[in-house]
Amino acid sequence: MKFLNFNKRWKKIKRTLTTFTICILLAVLAGAGLPISQMVQSLLTAGSSIEVMEENSSLEEDSNMAQASLLEQIRSNDKLRRVFLEKNYVCGTETINLGDFTPEEMITLVKQHPGWSGYIEAGNDLVVQETVNDLSPHCKENAYMSLDKEGNLTLFDGKPKEEKTIRTFFQLDVGSMETSLPAGVLEQLQNGIRVQDIEEYNSVLSTFGDYAVAPVGNIVE
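Residues numbered from 1 in each chain as written. Predicted model: local features only at pLDDT ≥ 70, side-chain atom pairs only at ≥ 80, totals over all residues. Heavy atoms only, no water.

Draft legend 1. Structural context of the state of the cysteines. Scanning the entire structure with this criterion turns up 1 disulfide. Note that Cys 91 is cross-linked by a disulfide to Cys 139, the S-S spacing being 2.0 Å. Torsion about the S-S bond of the Cys 91 and Cys 139 cystine: about -70 degrees, corresponding to left-handed handedness. Note that Cys 91 is positioned in strand 1 (residues 82-91) and Cys 139 in helix 4 (residues 137-142), a separation of 48 residues in sequence. Exposure remark for Cys 91: the relative accessible area of 1% places this residue in the buried category. Judged by its relative accessible area of 3%, Cys 139 falls in the buried class. (Disulfide = S-S within 2.5 Å. Helix = DSSP H or I, 4+ residues; strand = E, 2+ residues; numbered from the N terminus. Buried < 20%, exposed > 50% of the residue type's maximum accessible area, 1.4 Å probe, protein only.)

Draft legend 2. Spatial organisation of the environment of Glu 86. Within the fold, Glu 86 resides in strand 1. Discounting residues that sit within four places of it in the chain, Glu 86 has contacts with Thr 93, Glu 94, Thr 95, Tyr 119, Val 127, Val 128, Gln 129 and Glu 130. Here the side chain of Glu 86 touches Tyr 119 through a polar contact of 3.4 Å, side chain to side chain. (Contact = heavy atoms within 4.5 Å. Polar contact = N/O pair within 3.5 Å; in protein donor to acceptor, adjacent residues only side chain to side chain.)

Draft legend 3. Summary view of the packing of aromatic side chains. In this structure the tally under the stated criterion is 2 aromatic pairs. Ring centres of Phe 169 and Tyr 201 lie 6.0 Å apart, and the angle between their planes is 70 degrees; on these two criteria the pair is classed as edge-to-face. In this pair, Phe 169 sits in strand 7 (residues 165-171) while Tyr 201 sits in helix 7 (residues 198-209), placing the two residues 32 residues apart along the sequence. Within the aromatic cluster, the residues linked to one another by ring pairs are Phe 169, Phe 170 and Tyr 201. A cation over an aromatic ring shows up here: Arg 194 above the ring of Tyr 144, its NZ or CZ 5.5 Å from the ring centre. (Phe/Tyr/Trp six-rings, centres within 6.5 Å; stacked < 30°, edge-to-face > 60°. Lys NZ or Arg CZ within 6 Å of the ring centre and 35° of its normal.)

Draft legend 4. How the structure looks around the pattern of salt bridges. Counted under the stated rule, the structure contains 3 salt bridges. Here Asp 125 ties to Arg 82 by a salt bridge, and the two come within 2.9 Å at their closest N and O atoms. On the criterion of sequence distance, the pair formed by Asp 125 in strand 4 (residues 125-135) and Arg 82 in strand 1 is long-range, its members being 43 residues apart. The class for Asp 125 is buried, based on a relative accessible area of 6%. Ionic pairing is found between Asp 134 and Lys 140, a salt bridge with its closest N-O pair at 3.2 Å. Using a relative accessible area of 30% as the deciding quantity, one classes Lys 140 as partly exposed. (Salt bridge = Lys/Arg side-chain N within 4 Å of Asp/Glu carboxyl O.)

Draft legend 5. Seen up close, the sheet that holds strand 3 (residues 117-121). A sheet is described by the order of its strands in space; here 4 strands give the open sequence 2-1-4-3, paired in mixed fashion. The sheet is open, and its two borders are formed by strand 2 (93-100) and strand 3, each paired with just one other strand. Going from strand to strand, the sheet's axes swing by 25 degrees on average, the running direction of each strand aside. Bridge count between strand 1 and strand 4: 9 bridges; the pairing is parallel. From the neighbouring strand, Arg 82 faces strand 4, where its bridge partner is Asp 125. On top of the sheet, helix 3 (residues 103-111) reaches strand 1, strand 2 and strand 4; it is set at about 25 degrees to strand 1, its chief contact. (Pairing = 2+ DSSP bridges. Axes fitted to C-alpha atoms, helices over the stretch in contact; angles between N-to-C directions.)

Draft legend 6. Region of interest: the nonpolar core. Leu 172 and Phe 208 are the most contacted members of the largest nonpolar core, which totals 23 residues. Within the residue set of this core, elements represented by two or more residues are strand 5 (143-147), strand 6 (152-157), strand 7, helix 6 (185-191) and helix 7. Ranked by residues supplied to this core, first place goes to helix 7 with 5 residues. For Leu 172, the contacting residues outside a window of four places in its chain are Leu 147, Gly 151, Leu 153, Met 177, Leu 189, Phe 208, Tyr 211, Ala 212 and Val 213. Of all hydrophobic cores here, the second largest spans 14 residues; its members include Leu 71, Leu 85, Phe 101 and Trp 116. (Core = buried A, V, L, I, M, F, W, Y, C linked by side-chain atoms within 4.5 Å.)

Draft legend 7. Here's a closer look at the side chain of Glu 86. We note that Glu 86 is buried and unpaired, the nearest opposite charge coming from Lys 87 at a distance of 12 Å. A polar contact of 3.4 Å, which involves the side chain of Glu 86, links it to the side chain of Asn 88. (Lys, Arg positive; Asp, Glu negative; His and termini not counted.)

Draft legend 8. Representation of the pairing of strand 6 in the model. Of all 6 residues in strand 6, 6 are buried, a share of seventy percent or more. Burial of strand 6 is two-sided: the residues Asn 152, Thr 154 and Phe 156 facing one way and the residues Leu 153, Leu 155 and Asp 157 facing the other way are all buried. Pairing between strand 5 and strand 6: 5 bridges, direction antiparallel. Bridging across to strand 6, Tyr 144 finds its partner in Phe 156. Counting the residues in the hairpin turn of strand 5 and strand 6 gives 4 residues, including Gly 151, whose phi is positive at 85 degrees. Two elements, strand 6 and strand 7, share 5 bridges in a ladder whose sense is antiparallel. The residue bridging Phe 156 from the neighbouring strand is Thr 165, located in strand 7.

The values are spatial; any link to function lies outside them.
Structural data, given as structure tokens:
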């Protein structure tokens, strides 16, 4: 309960600080003689920057807490021997055996990679996790975007006809696509579009996201 109350007080303080900052910016811009439209645009930009800074700060804080917890687990377990690196891609996962380490070496390794999180498995194995904004080597060779039987945009491992689903994104308005997309695009999607890198992956999502029946944020793993 104390922790929840602290969070509420902290959020209130952050809102107050944000409002105070914007008021100062407004006064400075007014003193500079800027037109109202430019003042509003400047405030929107400033507000967006503040939100990004707060979000980055929150993510960094979460990462630091996760790593501190992991380091404490290593210190309290003298049976740890092997370390595995689990690389979690946008599409796919890859696990690499980094070899044997002493607990002291594990602590040094984790501290050298601030973005890593992890967990202890099977009593004497440390699994460190890294998030990679890319496709795994396997996905780069085998991933296809297409439609499943329910009309959902889906990522497949191999040709869509093999029905090896990796990830389902959102349902598409096929009727609207037929009338608005250039000839052959829908057929190409039905046959499967190869995605070989993160740029192609994001491009397909962006293109067909305009025809999503449900909000694009509703992604089913």
